[in-house]
Every structure is written in structure tokens, then in C-alpha cells.
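# Chain and residue survey
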Amino acid sequence: MPLRQLFDYLPSDTSIVPKSGMRVEVPFGRRKMVGVIVEIDDKSDLPLEKLSSVIAFPDGEQTVLTDETLELLKWCWRYYKHAPGEVVFNALPPLLRKISGEIPPPPLQYSLTTAGEKRLGEPPGRIKAQIRLLEEMREGPVTDLQLRTVTSSWRKTFSRLMEQQWVRSEARQPAQLKPISGPVLLDEQQLAVEAIGKTLGDFHCHLLDGVTGSGKTEVYLCLIERVLRQGGQVLLLVPEIGLTPQLLNRFKKRLGFEPVVTHSGLSEGQRLKAWAMAQSGLARLVIGTRSALFLPMPELQLIILDEEHDASFKQQDGFRYSTRDVAVKRASGLGVPVVLGTATPSLETFNNAASNRYSWHRLRQRATGAAEPSWRVLDLIQQTMTGGISATAMEAIGKTLEKGEQVLVFLNRRGYAPVILCHECGWHAACQRCDANMTWHKATCRLLCHHCDSSARVPVMCPECGADALQGAGEGTEQLEQMLGKAFPETPLLRFDRDTVRKKGEFDRLSEQVKTGKSCLLVGTQMLAKGHHFPQVTLVVIVNLDQALYSADFRALERMGQLMVQVAGRAGRDQLPGEVILQTHYPQHESLLTLLSSGYEAFASDISRDRQIACLPPFSYQALLRSDAHDKDDVRAFLNRAKQCFPTGEATVYGPFPAMMERRSGRTRWYLLVQANRRPILHHQLDEWVSQLHKLPSARKVRWSVDVDPQDY
Ligand code: ADP
Ligand code: ZN
Ligand code: ZN
């Protein structure tokens, strides 16, 4: 329940001894619900006759949370001031949140009996399908996944084999590590592996700071191999977009077994299976997105977070937590090291490394020997532009294509135009439910709000004045694709954004095409900026990042720098040197100049200093009290009242402020900002405050939540 409290129940008189971490079925009001035991106590604030009893223990004496994960979750609900029920359920696979969900039986493996081996030595005869299954087991025990690759109807054939007693099934054993050796490590890589390796068995935070292509993944692989040899488990967390078949294949090839993968795109059944593999210790290596953070792993000895700066590591609704921070907390609780890898550390991590709280390992050389791309800043003032691209950039694109090389054009905006307006009266299409313009998608003839998914037909005439004068303003990737297609009709053009890459596997189909190495144009959003290797790209054009230079969000500049370095990292990864063209109206912007002339580390120091002067995170600690409702007055009344009851102390409360997008999906959103110079002070006052907020009558008219260490406003 979305309530910031625990609920007391009596044990039912069955033979099962309750233990924390077990699931229970309990009455809640008139409903029956699933709960998880988090504490056992011999007293309650409620009188005995008011307490209900547990109805059943759906999993018998099995637990779904280990002591370790339960402790971590307790820390989470205290730290993030969130409802314990939601925090715990977030950590369970979706099927175990339902009464009907069951912990799956231990997985099996299948192998040949002596009779089976003998049969395999004889000519196949008429049982070819059965022989093919036997063949699959020739090298040793296999899993159902492997047998399914032979034929999807393997179960029927397999039962024949069982009848003949040619095969047997038994409890699955952990996958055998059969590593092939990787490349000889460069000195920097070797040093990092040694230094991190030395801390195995102890809590320690490591920043692995290496440009794209510097061989961070290779460092992970060496460390993973070490831990697996000692019988430990490893958890590798990657951003939503980084979990590619490319990456999985690389791990599988190097380590000689299939890592267990989990992410929110899997079916509920698959997620439960992955959870069971992790919990039983059978999964030696788990690769997953944010949701894998809470997997029970009894032998967990190393946590790695790749692309630690990535925004998808912060859960942005419901239970808002930072995967990075909780991963560090988890490592500390377990007494194991955590490795944060990135080419562009977040300022939080950067400062933890700069102040020696984290060890800082720099990989400054590209492992493949490729040169760093060179930058060219194009001043857009008074340039002739076609569809968002300057004449100079067009010329550079043409020249690169002529040489038979590949070009990447980056624009972080999909659709045809970000707004459609009337040239006669100035009307523009705004979303009815949000403070945002509708994006024009020309191919589908729709206006789409990218914030609430509202959509409408594109009007033929201006709905305001009736003039036939509607036109797009600004550019999106759809328009770039059209314009570049016209300018370079001979060149294949591939667009990567959420409109073209909707289906699973679509990204890989497109990137396979790029990897043939033939000359082509890639147009895309930040989908192109992360993790993927396009070694034949020798020119990157960044169409426009100017908005970030003068944004109201104090993190915009940091994110811009990260994005620029990440996009540039796509260029010239192998033998071909790359060039990056940045189009901007502000070529003299100081932070931009620092980034281009001295690199990300200098840039990060620079903007860090500005943050320190302004007393902004990571030099201060923040929390938001967010509130939204249909009626703006309700929101403001609640926040004003909430502000009045803020406990006195060193932390200060500011606001109420409208959210950067005040209206979204028809609801008005405002917040109060709490800031303190020390974290314990912030939390002390927050705890006292939150317990007061529940009692406010005005709180009942709004939705409200606390966002600790907020990332957006
Ligand atoms: P990152 O994860 O930092 O982007 P990768 O580990 O993917 O870097 O390495 C980039 C490329 O360089 C890969 O093709 C990898 O196989 C190769 N590579 C990594 N380390 C070495 C090395 N020591 N010697 C040769 N090639 C290497
Ligand atoms: Zn008009
Ligand atoms: Zn909208």
C-alpha cells in the first residue's frame, strides 16, 4: 500500500514458523493481499483483538528476500521516505507480487546416461530428431534453453529419450566458467584490474574513468573472471539502452557461458526465472538494468555499474531511487567493492573521486590505438541553414560521403518539427494537458505530445483564423532525414529514434547495416550516443545543443557535456581518425571552450567550482516535496501549509515553485525544495516533517511524494 507504515498481523496457527523475508497472504480491509514479513515482534501498538491473522504462507518456509536485501530495502524506505510496501514490492519480480505467483522449482539440467552414450555411437536410423537432441548433450549437461535451440518441440522428443533411459535430469549445477583469453591489457587497464582486484572482499568504491573505446569492458571482464573463479557472483548494471545483444555476446564468448539477463522488457515469467537463478546462486553473472539492483544473490562479491552517469539509473516515478547510490549502499552492506564505469562521470561521482572517497582509475588511451576525434566549432550566426544544418556542415558531410565513409548526424529531437504554427496569426499547437507544444510527425500526419502521449490529427487550416498558413518551426530527426535524403539521394540513410526503432531487434538490424562499413548517413537521437560502436563513422555533426547552455536546470550543462563526449565517442573508433562538428550560436561559451580544449575532466572541475560557489549539489543536499492535482489551488494550499510546518533547523525550505513543466497529463505540479549543507541534517528534519504532513487535511486533496536527491524539477 502506498502508506508510510508497517502493518501488524498475528501468526496463523499452522506448522510454519514465520521468518522475515517470507511472503504471506493477509486480509487488508475487505481484500486479501500479498505481504512480506519484515520484522517479528512480541508486541504491537494495536490491542490484540484488533489484530488479524495471516491467512496463508504461499511459499511455505521459503523466503523471497534475504536478510541482506531486506536490510537494504529498510535503508531505502528510510532514506527515500517512501512507503515500505512499495519499496519491497519494487524489489520482487512482478509474479511474486500476486497471490497466485509461486517460487519456481529449482531448475534442471539434462545429460546422457551410459545407455544414451552408447546409442549415440550407433547409426541414427529412423530417429533423427532424437539423435539431434542426444548430440546436443554429447559435451556435457545442457539446459532447456539449449535444447530449445535444437527444436521448439523438444519436450516431446525428449520424453521419448527419457522412456528409453538414454538421458537423465538432475538439479542444475552452476554454469562452468570456460573463458578464452582476452587481449593483452594495456598498462592503464592492468593497473586498474590490479588495484580493484586487491579490494575484493572489502567495501571500496572505484571510479573507472575511461573514454569510449579505452577498454573499460575489458577491465570488467578480467575482474568478473577473477570473482567467478573464487565462486562468487557478479552483478553488472547497465543503462536501459546499453543492454544489447552485442554486449551479451561479448560476455558469453569471453566467459564461455550464458550470463543471466534481466530487464523490464522481459515477460513476467522470464523475470521470475532470472530472479530464481540469482537467488539460487546458479546465476554466476547477472547483467541487468535498474530493476536488477535488488536481486537476491547469496554469493554476490562484486557490483559493476556501467555508464554510471546515465539518467536512466534514477527511477523517476513511484519509488524514486538512484541505482548508483543504492548500489554503493549495497556494496557497503555486503563488504564488497563497487565499480562505477564511465567516460563522463556525474559531478557526484567526480567529487567523490576528487576528494579520495572513491579510488580514481583513469584510462586515457584508446585500446584500439585510434586517435581521439578532433572538434570543430561552427558559429551559426549568419550562416545559411537548410533544415537545421549549416552550409559548411553540409559540405563536410558531402566530402566524407564521397570518400566512402560514414556520417552521423545527431539531434536530440524526434518528429518532423517541435512545433507547428500559423504564419498569419501566430497560433501554435499546444497540448491540452501539458505545458508543452505538440510535435509534428509528418509521416503519420499526427501531432503528438511527447510528455503525455496525447495525439491529434494535423489540422489543414489554422483552427484560430482559418488561414491556410500552417508550418513547422524548428527541426526534428524526421525532417533531417527528409532533407538529407534529398541532398544525398545516392547514400543509404538510417534513422535511429523512438519512432523508427520501436520493435525489438530493430536497432540491431539497423546497426548491422552500419557495420557492413559501406558509406551511409546515420541520423538519430541520444539512442545513438550510448554504448554502440560504429567504427566506420568518421564525421559526427551535432546539430544543436544550445538550449542546454542557458537552461534553468542547473544540471543541464553537465548533461550537455556528457552527451557531447558520448556522441563524439562514436567517431573514429578504429583506424580512421574522426571529426566532430558542433553547430552553436554561442561558440564563446566558457564551459564549452573548456570542454573542447581541455576535455571532460577539466570541464567537470570547472562546472563543479560553479556549483560549489552556488551551494548546489553535490555541495549541498536536496529533497523535493512534490505535489500534483487537477486543481492548482489545492496544490498550492497544501504546499503552503506544508511549508508552515517545516521543522526549524539548519535545513531551509524554499518555494512553492511550479515544476519546470507545470502542467502535465492534465495535472498541475508544484514543489517545495529543501536544502541543507549536511546530509544528516536534511534527513533529520525531513523525517520529522513527513510524519507531520500525513496529518494535514489539505494533503488529502492532492498527490504528494518526497524525492530525495532529485534529478529533475
Ligand atoms: P569501452 O568499454 O571503454 O568502450 P571496450 O572494452 O569495449 O571499451 O574496448 C574497445 C575495443 O578495444 C574493443 O573492441 C576491445 O575488444 C578492444 N580492446 C580492449 N582492450 C584492449 C587491449 N588491451 N588490446 C587490444 N584491444 C583491446
Ligand atoms: Zn492562424
Ligand atoms: Zn501532453
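Below you will find a few notes about this structure. (Residues numbered from 1 in each chain as written. Chains lettered and ligands numbered in written order. Predicted model: local features only at pLDDT ≥ 70, side-chain atom pairs only at ≥ 80, totals over all residues. Heavy atoms only, no water.)

## Points about the layout of surface pockets
Roughly 1,300 Å³ of volume is contained in the second largest pocket. Surrounding the second largest pocket, 36 residues form its lining, L6, F7, D8, Y9 and V38 being those nearest its centre. Where the lining of the second largest pocket is concerned, the elements lending two or more residues are strand 1 (23-28), strand 2 (31-36) and helix 2 (84-91). A total of 5 residues in the lining of the second largest pocket trace back to one element, the largest contributor, which is helix 2. Among the residues forming the lining of the second largest pocket, the class breakdown is 23 nonpolar, 5 polar and 8 charged. (1 Å grid on protein atoms, 1.4 Å probe; cavity = no way out; pocket = protein on both sides within 12 Å on 5 of 7 lines; lining within 4 Å. Points joined across faces, edges and corners; volume = space filled by probe spheres on them. Helix = DSSP H or I, 4+ residues; strand = E, 2+ residues; numbered from the N terminus. Nonpolar A, V, L, I, M, F, W, Y, C, P; charged D, E, K, R; others polar.)

## What to know about the sheet that holds strand 27 (residues 667-676)
Pairing is antiparallel in the open sheet, where 4 strands are placed in the order 26-27-25-28. Edge positions in the sheet fall to strand 26 (652-664) and strand 28 (703-708), since each has one partner strand and no second. Strand after strand, the sheet turns through a mean of 20 degrees between neighbouring axes, direction not considered. In the sheet, strand 25 (residues 621-629) pairs with strand 27 via 9 bridges, with the strands oriented antiparallel. In the sheet register, D628 faces strand 27, and the bridge partner there is R669. (Pairing = 2+ DSSP bridges. Axes fitted to C-alpha atoms, helices over the stretch in contact; angles between N-to-C directions.)

## Notes on the coordination of the zinc ion (ligand 2)
With distances of 2.3 to 2.4 Å, the protein atoms coordinating the zinc ion (ligand 2) are C422 (SG), C425 (SG), C462 (SG) and C465 (SG). Coordination at the zinc ion (ligand 2) comes from 4 donor atoms whose angles at the metal span 107 to 112 degrees, giving a geometry best classed as tetrahedral. In primary sequence terms, the donor set of the zinc ion (ligand 2) follows C-x2-C-x36-C-x2-C. One end of the pair, C425, is in the loop between strand 16 (419-422) and strand 17 (439-441); the other, C465, is in the loop between strand 19 (455-457) and strand 20 (470-473), and 40 residues separate them in sequence. (Donors = N, O, S within 2.8 Å, 3.2 Å for Na, K, Ca; no water. Tetrahedral: all angles 85-135°; square planar, octahedral: opposite > 155°, others 65-115°.)

## A look at the site of ligand 1
Around ligand 1, a shell composed of 18 residues is seen, among which V184, Q189, G213, T217 and R250 lie nearest. The dominant element in the shell around ligand 1, judged by the number of residues it contributes, is helix 8 (residues 216-229), at 3 residues. Classifying every residue of the shell around ligand 1 gives 6 nonpolar, 8 polar and 4 charged. (Near = heavy atom within 4 Å.)

## Examining the nonpolar core
Counting 119 residues, the largest nonpolar core has F294, L625 and W689 as the members making the most contacts within it. Among the elements that take part in this core, helix 17 (residues 556-568) stands out by supplying 8 residues, more than any other. Once you skip the residues sitting within four places of it in the chain, W689 turns out to touch L625, A642, C645, F646, P647, V653, L672 and V674. Core analysis: the next-biggest nonpolar cluster, separate from the first, contains 28 residues, V238, L247, F251 and I287 among them. (Core = buried A, V, L, I, M, F, W, Y, C linked by side-chain atoms within 4.5 Å. Buried < 20%, exposed > 50% of the residue type's maximum accessible area, 1.4 Å probe, protein only. Contact = heavy atoms within 4.5 Å.)

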